Amino acid sequence: MLTGNQSTVSEFILLGLSVDPFVQTMLFFIFLAIYMTTLCVNVLLIVAVRTDKRLHTSMYTFLSSLAFLEIFYTSTVVPKMLSNFLSLKKTISFAGCVTQFFFFLFLGETECILLALMAYDRYVAICNPLHYNMIMNTMVCMRMISMAWLSGCISSTIDTFFILSLTYCGPNTINHFFCEAPLLMELSCSDVSSVNILKLVGSTILLFVPLSLIIISYLRIIITITTIHLGKNKAFSTCVSHLMVVVIYYGTSIFMYITPENSVPKNVNKMVAVVYTMITPMLNPLIYSLRNKDVHRAMRKLVGEQDILEQTCSIVPGELVGYGT
């Protein structure tokens, strides 16, 4: 492949999580079950939001967009990892590695922005409920979601360009179960100092700018809740699920991309990667649906269970029922 420099490596070897055949077989069935569960719960959440007219609001549009993203996010990594568990030749082509890198980064960066937009949505619902439907109307919501996906695509394209500008002349063994930027740069025989700086700056911006928006939104939410005399617990519970997802996602991402290289054992990095590539996409829809009465009811209707009467409780005007209600 020619990208300004000549790369002689045509494929990479993925060492995966274990070299023990028995352990690999066990992991195959465990991760296959996790992957199938992830697909099912996210598809179920999307269908529930689309088919229940009571869920046709900006809040649930963000939620279904996140579920849609999670399906493809985990699918960029898990199918190849599962096939390698059962394959003697655990390789991925150079083009396949770069493609996996691009889409994984694209979807991961988009999720960072989506989580920040969901925090802003809760801020408007709780702190400015009278104008919520006007501020967060369908058109504004779709534009925000489109902006998140476009920003993730542009950022990932830039990062992929820098990765392709490097020369890979051997070795070609990646001590991981998928292609990540730090590991690809370790294998490059080019000077990666400038790329490392750009990666650190880019990761910091893409993680901490959305995270700052989330923190500011929740600080404003907390201040507003302290002025409410009735229903403080109800108001804060609307944000609990989103906060849980944010802590898990941003915690693992910061651990992987901001901590100094070689300061953490490779096996620890792999375990953390398992969390944000497989466990988090499976847990997110469960966290949101189990704590949200509206989503819970809609999903039960989809699987054929009888709908139950909803207890109505309003503590402020506007749509205060939130991600964790």
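The model shown is predicted, which means the values in this text are computed figures rather than measured ones. Throughout this document, residue positions are counted from 1 along each chain, in the order its sequence is written. Confidence filtering applies because this is a predicted model: local features only for residues at pLDDT of at least 70, side-chain atom pairs given and counted only at 80 or more, and all residues used for totals across whole chains, interfaces and linings. Side-chain numbers here rest on the full set of heavy atoms in the structure, without hydrogens or water.

**Some words on the overall build of the protein chain**
Inference 1: Here a helix means four or more residues in a row that DSSP labels H or I, a strand means two or more in a row labelled E, and each is numbered from the N terminus. Within the protein chain one finds eleven helices and three strands.
Inference 2: Seen in sequence order, the protein chain has helices and strands lined up from the N terminus as β-α-α-α-β-α-α-α-β-α-α-α-α-α.
Inference 3: The 325 residues of the protein chain split such that 49% are buried.
Inference 4: Across the protein chain, every contact between residues at least 6 apart in sequence was considered, and the portion connecting residues at least 24 apart equals 81%.
Inference 5: For every accessible area listed, the method is Shrake-Rupley and the probe measures 1.4 Å; residues are considered covered only by the protein chains on display. Carbon and sulfur atoms provide 70% of the accessible area of the protein chain, an area that totals close to 15200 Å². Each residue is placed in one exposure class: buried if its accessible area under a 1.4 Å probe, protein chains only, is under 20% of its type's maximum, exposed if it is over 50%, and partly exposed if it falls in between. Contact definition: two residues touch when any of their heavy atoms are within 4.5 Å.

**Quick notes on the UniProt feature "transmembrane region" (unreviewed entry) in the protein chain**
Inference 1: UniProt positions are given in the numbering used here, feature names are shortened, and annotations may be inferred rather than shown by experiment. Listed under "transmembrane region" (unreviewed entry) in the UniProt record, and renumbered for this structure, are residues 26-47, 59-78, 98-120, 140-164, 200-223, 235-259 and 271-290.
Inference 2: Helix and strand shares over residues 98-120 are 100% and 0% respectively, and the end C-alpha atoms of the span are 33 Å apart.

**Notes on the nonpolar core**
Inference 1: To qualify as a nonpolar core, a set must consist of buried Ala, Val, Leu, Ile, Met, Phe, Trp, Tyr and Cys residues joined through side-chain atoms within 4.5 Å. Counting 72 residues, the largest nonpolar core has Phe31, Phe62, Leu115, Phe177 and Tyr250 as the members making the most contacts within it.
Inference 2: Among the elements that take part in this core, helix H4 (residues 94-127) stands out by supplying 15 residues, more than any other.
Inference 3: Those residues in contact with Tyr250 that lie beyond four places of it in its chain are Cys112, Leu115, Leu207, Pro210, Leu211 and Ile214.
Inference 4: With 21 residues, the next largest nonpolar core counts Phe94, Val98, Phe101 and Val192 among its residues.

**Focus: the pattern of salt bridges**
Inference 1: By salt bridge we mean one thing: a side-chain nitrogen of Lys or Arg within 4 Å of a carboxyl oxygen of Asp or Glu. Overall, the coordinates contain one salt bridge when judged by the stated rule.
Inference 2: The partner of Arg122 in a salt bridge is Asp121, and the shortest N-O contact between them spans 2.8 Å.

**Some remarks on the side chain of Gln100**
Inference 1: Following the sequence through the fold, Gln100 ends up in helix H4.
Inference 2: Residues contacting Gln100, with those up to four places away along its chain left out, are Thr76, Val77, Lys80, Ile92, Phe178 and Cys179.

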